[in-house]
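# A structural walkthrough
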Amino acid sequence: MSSRTTEPTLENLLSRVHKRTSRAQRNYIKKAYYLAEDAHKFQERLSGEPYIIHPTAVAIEVAELELDYEAICAALMHDVLEDTETTFAFLAEEFGDTIARLVDGVTKISQLKTGSVETKQATNIRKMILATAEDARVILIKLADKLHNMRTLQHHPTVEKRQRIAKEVLDIYAPLAGRLGIYRIKWELEDMALYNIDHEAYQKIKQTIAEKKGDRNKRIQAIVKILQQKMKESRIKALVEGRAKHFYSIYNKLHEQNKSIDEIYDLSGVRILVDSIQDCYGAMGIVHTLWNPVPGRFKDYISVPKSNGYQSLHTTVVGNDGRFIEIQIRTRQMNLVAEFGIAAHWAYKEKKKNSQELTEQFELLQNIANLRESGQDATEFMEELKGSLTTDEIFVFTPQGEIIAMPTGSTILDFAFRIHTELGLKCAGAKIEDRMVSIRTPLKSGDQVQIITNASVKPSSEWLKFLATSHARAKLRSWFRKNDLETVADKDKSKGSVKEPGNQEDAEKKLTLVSKKITKRKDHTDETPLVEWQGETAMEYHLAKCCDPLPGDAIRGFITTGKGLSVHKADCPSLQNLSESEETRNRIIELNWSGLYRSYPVHINIQGLDRPQIYLEIVQTLASLGANIIEAKAQTTTRGIIDDFFTIEVDSISHLDDIINSLRNVDGVTSVKRFLHHKKESG
Ligand code: MN
């Protein structure tokens, strides 16, 4: 069954799928193979073999899972997006959207920084993988990938590296295989991980098993013989077979139950495969009349299947020699599901044209989907599985690799508040991978988020409009309650004093006073910083990972081939290297940050009827909307009429619209207009 022994060649892959694919589908598989071979042509595996060996082996494993040709094509190309110049658009054009998305999905899982996380975070990672994968085949391809990585792990030069990879597999991928019901892969992953993590224990178990093999076989054979005889007498068509425990389950039992290896290994396992559910219960009756069941060890996963679709009867009985025998009874279809789990869905899809098998396969499908209604398919099953695992959560990483679960819809700012209140209050934006993003940016599962703070950031009530978590909103409101600006306003209101309408001097004094309370926020923003080249805003650029330039640093750009402009610190050593060759030197350009941030000064004129606190309210309105006041001029033209001029900074036209609308709602304000202060300013 295992493709471990199959030579990873295109010929072997094609012959493996020949029967169940059309010529056109096989042509796609060939095309995918040649594309991958070419894309990886300069890469070698650690073993020194050509890289194409790896994706081919993964594709063969995917074929063993009986997945369709789309999954096989994607398996062949699963590393091309990450490792080579090949783009998503190219794959979509050549192979269609489905295959391109499968490759993209596998790439996304690869890019999750799962290796560095602690064991206690493993559950979250597994949830996250299930949540991010749009198609179950993505996870199955990833599992096949891990399987081949584990089989070739010996080529990694250091023990530490091998152990780290093995631990990741044990924490994340083996349980994931179990969750999807693919025990075949789960067990192999676990055994190979154990081999690398606790080599001594592995060898000891292996040795004990080898020593006792003869004895054990004799005992199992005796039990099998009795069972075969009795089944025949009862006219139940059954296949009875001895069942080897995998090493890792023995290892786990050793640790959990504190038993000796002999005691555990003596637990013989037998599996009975029959044709119908009725026969399952019939066989169970026979077993229980032959030997006494151990109380509490009977489990009926047929009437109550496991959530991954697994169905079987389990019982433990006391054998004639007084030792325990573990017995599993199930139909052949159930056994297929136990080995292939959700993957069995595609086996069904491939075979459904063959009407002879239809009834049988239909039963199989129902098993997988674990369901009362026959209409459901594996996609819905996947959705259900996700639903039960991810109650509207997304999972993001801190720069240290810690995983934080956040409600769906959370933004950068929510995340900042989640980490620490101070971080939220001073949050200016964040870096995800090498992109700068604004505080309003919604988070996606798998994002690694580095919050960027700025001492001059001042919390704004505008934030309440996009914060998604009640935690962050509560923290922000409590800051407002403590904030002196709010307090001043409240006090003034509570006094309810009616002042004479102020003269111009008064008004100006008041205004200056209040504006001073609002920190000058010239360098504050909710927007991504921009870079300028010769006075023009650069459109396609990314911040170089090698030197991590931040707004304010002196910067220079390098025009890459195909990946746009990369922005480096002016003194970045890798830029230095590039300037040494004439060919690359010409592609280095001088850049500036476009202002520090993207904000525009605009001039507005406010007119209205003077009344107590009107200036305070105007200024507060501006502050609450995050409009930095650069200049203010208040005057009272006639007694009781105000005519004020402000220069404020806004980040967009819609921001300005919000501001103007809010100002118009201030009691006493009759008109708010934008005006052009300087002729050269554009509208
Ligand atoms: Mn790979």
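Calculation rules
- Residues numbered from 1 in each chain as written.
- Predicted model: local features only at pLDDT ≥ 70, side-chain atom pairs only at ≥ 80, totals over all residues.
- Heavy atoms only, no water.
- Helix = DSSP H or I, 4+ residues; strand = E, 2+ residues; numbered from the N terminus.
- Buried < 20%, exposed > 50% of the residue type's maximum accessible area, 1.4 Å probe, protein only.
- Contact = heavy atoms within 4.5 Å.
- Areas by Shrake-Rupley, 256 points an atom, 1.4 Å probe, with all protein chains shown as cover.
- Donors = N, O, S within 2.8 Å, 3.2 Å for Na, K, Ca; no water.
- Core = buried A, V, L, I, M, F, W, Y, C linked by side-chain atoms within 4.5 Å.
- Salt bridge = Lys/Arg side-chain N within 4 Å of Asp/Glu carboxyl O.
- Pairing = 2+ DSSP bridges.
- Axes fitted to C-alpha atoms, helices over the stretch in contact; angles between N-to-C directions.

### Re the overall build of the chain
Per the secondary structure count, the chain includes 28 helices and 22 strands. A buried classification covers 51% of the 683 residues belonging to the chain. Across the chain, every contact between residues at least 6 apart in sequence was considered, and the portion connecting residues at least 24 apart equals 69%. Summed over its atoms, the accessible surface of the chain is roughly 33,400 Å², and 49% of this surface lies on carbon and sulfur atoms.

### Here we look at helix α20 (residues 412-419)
Where burial is concerned, most of α20 is hidden: six out of the eight residues are buried. Turning to α20, its buried residues are Ile412, Leu413, Asp414, Phe415, Ala416 and Phe417.

### Focus: the coordination of the manganese ion
The protein atoms donating to the manganese ion are His54 (NE2), His78 (NE2), Asp79 (OD) and Asp145 (OD), with metal-donor distances spanning 2.2 to 2.5 Å. In the primary structure, the donors to the manganese ion are separated according to the pattern H-x23-H-D-x65-D. Here histidine 54, found in helix α3 (residues 53-64), pairs with aspartate 79, found in the loop between α4 (69-76) and α5 (80-83); they are 25 residues apart in sequence, far enough to count as distant. Its relative accessible area of 1% is what places histidine 54 among the buried residues. Given a relative accessible area of 7%, aspartate 79 falls into the buried group.

### Some details on the nonpolar core
By size, the foremost hydrophobic cluster in this structure holds 85 residues, and its most contacted members are Met77 and Leu143. One finds Ile394, Met406, Leu443 and Leu476 within the second-largest nonpolar core, a separate group that totals 26 residues.

### Some remarks on the pattern of salt bridges
Per the counting criterion, the structure on display carries 20 salt bridges. The closest approach of N and O atoms between aspartate 68 and arginine 137, which form a salt bridge, is 2.8 Å. Of the two residues, aspartate 68 sits in the loop between α3 and α4 while arginine 137 sits in helix α9 (residues 136-151), which places them 69 residues apart along the sequence. For the pair aspartate 68 and arginine 137, one class covers both residues: buried. Two residues, arginine 101 and aspartate 97, come together in a salt bridge whose shortest N-O distance is 3.1 Å. Of the two residues, arginine 101 and aspartate 97 are both situated in helix α7 (residues 97-111); the distance of four residues between them amounts to about one turn of the helix. According to the relative accessible area criterion, aspartate 97 is partly exposed, its value standing at 42%. Shared partners join several salt bridges into a network, and the residues in it are Glu61, Arg151, Arg184 and Glu188.

### Some points on the sheet that holds strand β17 (residues 588-590)
Read from one edge to the other, the open sheet built from four strands follows the order β14-β16-β15-β17, with strand pairing classed as mixed. Whereas interior strands pair on both sides, the edge strands pair on one side only; in this sheet they are β14 (541-543) and β17. Across this sheet, the average inter-strand angle for adjacent strands is 35°, counted without regard to direction. Strand direction decides the pairing type here: β14 and strand β16 (residues 565-569), joined by three bridges, are parallel. If you follow histidine 542 over to β16, its bridge partner there is serine 566.

Everything listed is a geometric property; what it means functionally is a separate question.
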